[in-house]
Amino acid sequence: MSILICGSLAFDTIMTFEGRFAEQILPSQLHILNVSFLVPALRREYGGCAGNIAYGLRQLGEEAVPLAALGNDGQDCLQRLRALGVDTRFVGEVSDHYTAQAMIMTDRDNNQITAFHPGAMSLAHNYPVPVQEAIRIAIISPDGRDAMLSHAEQLDQAGIPFVFDPGQGLPMFNGEELSRFISLATWVTVNDYEGRMLCERTGLSLEAIAGQVKGLVVTLAEQGCDVWEEGQRSLVPGVKASEVVDPTGCGDAFRAALLHGLAQGWSLVRCAELGNRMGATKIASRGGQNYSFTV
């Protein structure tokens with residue numbers, strides 16, 4: 001029995017800005033914003049939510065099955081996943097598009113600015129959920145807009161429980177669409193900023209959202225996360241990282257732990273505890289807690 005990961009596969013270009021974004025941007029001049037950041041450190045890695053989550057699940061002994069789309073430059077990424085024991089049967093290849101590309105810049109306070117080119121990911125909806133497979137649980141993570149909409153409907157029709165975790169893809173959807181995702185999902189996970197946006201767009205409170213699903217998780221960075229389960233909210237404390245090296249991929253490490261725990265039948269609190277530990281381990285490493293390495 002496997003875990004299906006609906007999400008992106010991408011190349012990440014990760015840059016480090018040694019200053020603070022806030023010191024370089026004049027709030028009164030945002031209407032004519034024109035800034036440049038010197039980034040002494042730069043690396044290019046394999047990325048994307050589906051790849052990182054799959055890697056985390058493999059580290060936890062799970063069978064991970066990404067449902068994603070790669071472009072004509074994605075063969076190395078595909079080989080990397082296969083070498084890690086990830087089942088890539090449902091990774092589509094789009095010959096006339098590049099693989100999705102993310103350009104991520106992090107400042108000294110771990111704030112991030114990201115530019116993203118979707119490439120082949122925008123055609124991920126052409127690859128349907130493999131309903132004939134023995135899938136225990138699934139996740140709708142950031143992906144092409146049409147893919148997220150169609151895959152959620154297909155999972156619901158197949159009776160496969162799934163986590164709705166829109167991440168940075170949340171702004172693509174209006175209130176009606178987000179309400180539909182919530183009505184189909186078994187669990188919902190967001191960070192605190194996304195949680196506020198989800199409430200604003202749907203007109204629902206977090207308590208109301210939690211009442212429609214089996215569980216809701218709102219991550220709070222180093223403070224841990226709020227977990228709503230059976231009408232009760234619990235704060236799961238964060239785990240202090242040994243050092244802060246790179247926050248990229250921490251959310252995917254959390255997602256992998258969450259899916260692993262849910263697949264084992266754990267309570268949502270226990271799942272979140274493992275997620276906090278994996279996220280703290282990831283932030284103290286560079287490339288060691290996801291499937292990427294410098295290319």
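Details of the structure are given in the entry above.
Everything numeric here is computed off the predicted structure, so don't read it as measured data.

Enquirer: Outline the sheet that holds strand 9 (residues 162–164), listing residues and values.
Expert: The sheet built from nine strands is open, its strands ordered 5-4-1-8-9-10-11-12-13 with mixed pairing. Edge strands, defined here as strands with exactly one partner in the open sheet, are strand 5 (91–93) and strand 13 (232–237). For this sheet, the mean angle separating the axes of adjacent strands, direction not counted, is 20°. Here strand 11 (residues 215–219) pairs with strand 12 (residues 224–229) via five bridges, running antiparallel. If you follow Val 218 over to strand 12, its bridge partner there is Asp 226.

Enquirer: Can you explain the packing of aromatic side chains? Please cite residues and give values.
Expert: Taken as a whole and judged by the stated rule, the model has six aromatic pairs. Taking 5.9 Å as the distance between ring centres and 40° as the angle between the ring planes, the aromatic pair formed by Phe 11 and Tyr 46 counts as tilted. Of the two residues, Phe 11 sits in strand 2 (residues 10–16) while Tyr 46 sits in strand 3 (residues 41–47), which places them 35 residues apart along the sequence. Neither Phe 11 nor Tyr 46 differs from the other in exposure class; each is buried. For the pair Phe 173 and Phe 181, a centre-to-centre distance of 5.0 Å together with 80° between the ring planes defines the contact as edge-to-face. Judged on exposure class, the residue Phe 173 and its partner Phe 181 are both buried. An aromatic cluster is defined as three or more aromatic residues linked by ring pairs; in this entry it consists of Phe 17, Phe 21 and Phe 37. Against the face of Phe 11 rests Arg 44, its NZ or CZ located 4.3 Å from the ring centre. Its guanidinium or amino end placed over the ring of Trp 266, Arg 270 lies 3.8 Å from that ring's centre, counting from NZ or CZ.

Enquirer: How would you sum up the side chain of His 151? Please name residues and give values.
Expert: Counting through the fold element by element, His 151 comes out in helix 3 (residues 145–158). Residues within four places of His 151 in sequence aside, it is in contact with Cys 6, Leu 67, Ala 124, His 125, Tyr 127, Pro 128, Val 129, Ile 140 and Asp 143.

Enquirer: If you had to explain the packing of helix 3 against helix 4 (residues 175–184) to someone new, which residues and values would you point to?
Expert: At a minimum axis distance of 10 Å, the contact between helix 3 and helix 4 shows a crossing angle of 30°. Regarding the angle of helix 3 to helix 4, the classification is roughly parallel. The two elements helix 3 and helix 4 cross, and the hand of that crossing is left-handed. In this structure, helix 3 uses Arg 145, Met 148, Leu 149, Ala 152, Glu 153 and Asp 156 to contact helix 4, whose residues at the interface are Glu 177, Arg 180, Phe 181 and Leu 184. The residue makeup of the contact of helix 3 with helix 4, split by class, is five nonpolar, no polar and five charged.

Enquirer: Can you tell me about the packing of helix 4 against helix 5 (residues 192–202), naming the residues and giving the values?
Expert: It is the contact of helix 4 with helix 5, at a shortest axis distance of 8 Å, that shows an interaxial angle of 110°. One way to sum up the angle between helix 4 and helix 5 is to call them roughly perpendicular. The two elements helix 4 and helix 5 cross, and the hand of that crossing is left-handed. Contacts from Gly 175, Leu 178, Ser 179 and Ile 182 of helix 4 reach helix 5 at Leu 198, Arg 201 and Thr 202. Looking at the contact of helix 4 with helix 5 residue by residue, the classes come out as three nonpolar, three polar and one charged.

Enquirer: Pulling in residues and values, what's your account of unusual backbone geometry?
Expert: With a phi angle near 65°, Asn 110 is a residue other than glycine that sits in the positive phi range. Relative to the assigned elements, Asn 110 resides in the loop between strand 6 (100–106) and strand 7 (112–117). Although it is not a glycine, Ala 221 adopts a positive phi angle of roughly 55°. The topology assignment puts Ala 221 in the loop between strand 11 and strand 12.

Enquirer: Tell me about the environment of Arg 201, residues and numbers included.
Expert: Here Arg 201 is to be found in helix 5. Residue classification places Arg 201 among the partly exposed residues on the basis of a relative accessible area of 33%. Placed 31 residues apart in sequence, Arg 201 and Leu 170 show a C-alpha to C-alpha distance of 10.0 Å. Excluding anything up to four places from it in sequence, Arg 201 contacts Leu 170, Pro 171, Met 172, Phe 173, Gly 175 and Leu 178.

Enquirer: Go over the pattern of salt bridges with me, naming the residues and quoting the values.
Expert: Within this structure, the stated rule accounts for 10 salt bridges. Arg 20 is paired through a salt bridge with Asp 109; the nearest N and O atoms lie 2.8 Å apart. Of this pair, Arg 20 sits in the loop between strand 2 and strand 3 while Asp 109 sits in the loop between strand 6 and strand 7, and the two are 89 residues apart along the sequence. Residue class for Arg 20 comes out partly exposed when judged on its relative accessible area of 29%. One salt bridge connects Arg 89 with Asp 87, and the closest N-O pair in it is separated by 2.8 Å. One network of salt bridges, with partners in common, ties together Arg 20, Glu 23 and Asp 109.

Quick notes on the rules
- Residues numbered from 1 in each chain as written.
- Predicted model: local features only at pLDDT ≥ 70, side-chain atom pairs only at ≥ 80, totals over all residues.
- Heavy atoms only, no water.
- Pairing = 2+ DSSP bridges.
- Helix = DSSP H or I, 4+ residues; strand = E, 2+ residues; numbered from the N terminus.
- Axes fitted to C-alpha atoms, helices over the stretch in contact; angles between N-to-C directions.
- Phe/Tyr/Trp six-rings, centres within 6.5 Å; stacked < 30°, edge-to-face > 60°.
- Buried < 20%, exposed > 50% of the residue type's maximum accessible area, 1.4 Å probe, protein only.
- Lys NZ or Arg CZ within 6 Å of the ring centre and 35° of its normal.
- Contact = heavy atoms within 4.5 Å.
- Parallel < 35°, antiparallel > 145°, perpendicular 65-115°, else oblique.
- Left-handed = near helix turned anticlockwise from the far one by under 90°.
- Nonpolar A, V, L, I, M, F, W, Y, C, P; charged D, E, K, R; others polar.
- Salt bridge = Lys/Arg side-chain N within 4 Å of Asp/Glu carboxyl O.

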